[in-house]
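Breakdown of the fold
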Amino acid sequence: MSTATDTGTTTDTQVVKRKKGFSTGTIWTVVAWIVGLGFFFPVLWMVITSFKQEGDAYSDPPKLFFTPTLDQYSAVLSSGIGTALLNSAFATIVSTSLVLLLGVPAAFALSLRPVKKTKDVLFFFISTKMLPVVAAIVPLYVIVGDIGLLDNIWALIILYTAMNLPIAVWMMRSFFLEVPSELLEAASMDGASLWTSVREVILPLVSPGIAATALICTIFSWNEFFFAVNLTAVQAQTVPVALVGFITGEGLYWARLSAAATLAALPVVLAGWVAQNKLVRGLSFGAIK
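Residues numbered from 1 in each chain as written. Predicted model: local features only at pLDDT ≥ 70, side-chain atom pairs only at ≥ 80, totals over all residues. Heavy atoms only, no water.

1. Topic: helix α12 (residues 254–274)
Stated formally: Strands are runs of DSSP state E lasting at least 2 residues, helices are runs of H or I lasting at least 4, and numbering of each runs from the N terminus. A helix is expected to span 1.5 Å for every residue after the first. Note that bend, as reported per residue, equals the angle between axes fitted to the 7 residues terminating at that residue and the 7 residues originating from it.
Here α12 spans 30 Å end to end across 21 residues, near enough to the 30 Å set by a 1.5 Å rise per residue. For α12, the principal kink sits at Leu266 and spans about 35 degrees; a proline, Pro267, occurs within the next four residues.

Here is the structure:
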């Protein structure tokens, strides 16, 4: 009888624990959804506002039911933001490609093939990010002006590459450290050269890390404003600088500004959506600790 009673008590205890665990998990799930929706709501409201007329965008209280229109997008595209989008896309793609081309071999050398004073080299890389950009803008402006690259997209490409390279080296090094060195030894014993081992063995394993690094560099380059606003004027104007032009002293055009901001954010959102699988794998592979 006592055994049966003990068994029943144990079962009741397990049921109570399961109920408590279920209720706690449900509460945290609801909290996570509320927080997520809170962060996402401004973006959703921006997109909704971009389909309104200016009168509907200014209404108080805000109108939830309205007739959608594409007039704001038409006005934004006719204002010349297309050139800024192309400039941002060109600077972002080229600078990110250069960062990967330079950063992946450097990270490989500092991880699987370390050099002397590796920590000193890594500290030098990351120390370049400690200098405030505002402290360097005057000498950079003079140098860029002397070499004739003011209002030239290649000046931004060079600066974006230098800006993102230290981050890429640190991230990629973390990914390479997760790869067992025995894989290279096994490939070498099979007669594969170093380049073949890297191309056929290492790079496929760290491809999620490369995707995560590329996406982060893309976001940083696309959103960069300080260098662009100080070193460009018209020909090399990027999207963040162009967005400022929609804020005028004559009035705030909320619907039009929302449409411009939506167009500016869309390429990065699409890039993140396309690379989401590799990005999740990459971030869990050891790049961010």
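From this point, the narrative continues.
2. Notes on a nonpolar patch on the surface
Rules: For patch building, the residue pool is restricted to those with more than 30% relative accessible area and no salt bridge; the joining distance is 9 Å between like charges and 5 Å between nonpolar side chains (Val, Leu, Ile, Met, Phe, Trp, Tyr). The accessible surface values rely on the Shrake-Rupley method and a 1.4 Å probe; as for residues, cover is taken only from the protein chains in view. What makes a salt bridge here is a side-chain nitrogen of Lys or Arg within 4 Å of a carboxyl oxygen of Asp or Glu, nothing more.
On the surface, Ile27, Trp28, Val31, Val35 and Phe39 cluster together into a nonpolar patch covering about 570 Å² of accessible area. Position of Ile27 relative to the elements: it lies in helix α1 (residues 2–50).

3. Some words on the nonpolar core
What counts is decided by this rule: Only buried residues count toward a nonpolar core. Its members are Ala, Val, Leu, Ile, Met, Phe, Trp, Tyr and Cys residues joined through side-chain atoms within 4.5 Å. Only protein chains enter the calculation, and the probe is 1.4 Å; a residue is then buried if its accessible area is under 20% of its type maximum, exposed if over 50%, and partly exposed in between. Throughout, a contact is declared for two residues whenever any of their heavy atoms are within 4.5 Å.
Formed by 17 residues in total, the largest nonpolar core has its most connected members in Leu156, Tyr160, Phe227 and Leu231. Where this core is concerned, the elements lending two or more residues are α4 (81–111), α6 (133–146), α7 (153–177) and α10 (226–231). No other element matches α7, which puts 7 residues into this core. In this view, Tyr160 contacts Ala91, Ser95, Val99, Ser221, Glu224 and Ala228; residues no more than four positions away in its chain are not counted. The next biggest cluster of nonpolar side chains, apart from the first, holds 16 residues, and it includes Met172, Val198, Val206 and Ala212.

4. Topic: the side chain of Thr238
With respect to the helices and strands, Thr238 occurs in the loop between α10 and α11 (239–244). Once residues within four sequence positions are removed from consideration, Thr238 is found in contact with Ala84, Ser88, Leu156, Glu224 and Ala228.

5. So, the packing of helix α5 (residues 118–127) against α7
When two helices pack together, their arrangement is given by the angle between the helix axes and the distance between those axes. Note the cut-off: Axis definition: a line fitted to C-alpha atoms, over the contacting stretch in the case of helices. Angles run 0 to 180 degrees between N-to-C directions. Put simply, angles under 35 degrees are roughly parallel, angles over 145 are roughly antiparallel, angles from 65 to 115 are roughly perpendicular, and the rest are oblique. Note on convention: the crossing is left-handed when the near helix lies turned anticlockwise from the far helix by less than a right angle, right-handed when the turn is clockwise. Classification convention: Asp, Glu, Lys, Arg as charged; Ala, Val, Leu, Ile, Met, Phe, Trp, Tyr, Cys, Pro as nonpolar; all other residues, Gly among them, as polar.
Between α5 and α7, whose axes approach to 8 Å, the crossing angle comes to 140 degrees. Accordingly, the angle class assigned to the pair α5 and α7 is oblique. Crossing hand, α5 versus α7: left-handed. Two secondary-structure elements touch here, α5 through Thr118, Leu122, Phe125 and Ile126 and α7 through Pro166, Val169, Trp170 and Arg173. Grouping the constituent residues of the contact of α5 with α7 by class yields 6 nonpolar, 1 polar and 1 charged.

6. Observations concerning the side chain of Glu224
The criterion, for reference: Identification of polar contacts relies on pairs of N or O atoms within 3.5 Å, with a donor-acceptor requirement for protein atoms, meaning one able to donate a hydrogen and the other able to accept it, and with residues adjacent in sequence counted only if both atoms are side-chain atoms.
Along the polypeptide, Glu224 turns up in the loop between α9 (194–223) and α10. Overall, the relative accessible area of 9% leaves Glu224 in the buried class. A distance of 2.9 Å separates a polar side-chain atom of Glu224 from the backbone nitrogen of Phe226. When near neighbours in sequence (up to four residues on either side) are disregarded, Glu224 contacts Tyr160, Met163, Thr238 and Pro240.

Purely geometric numbers; function is a separate question.
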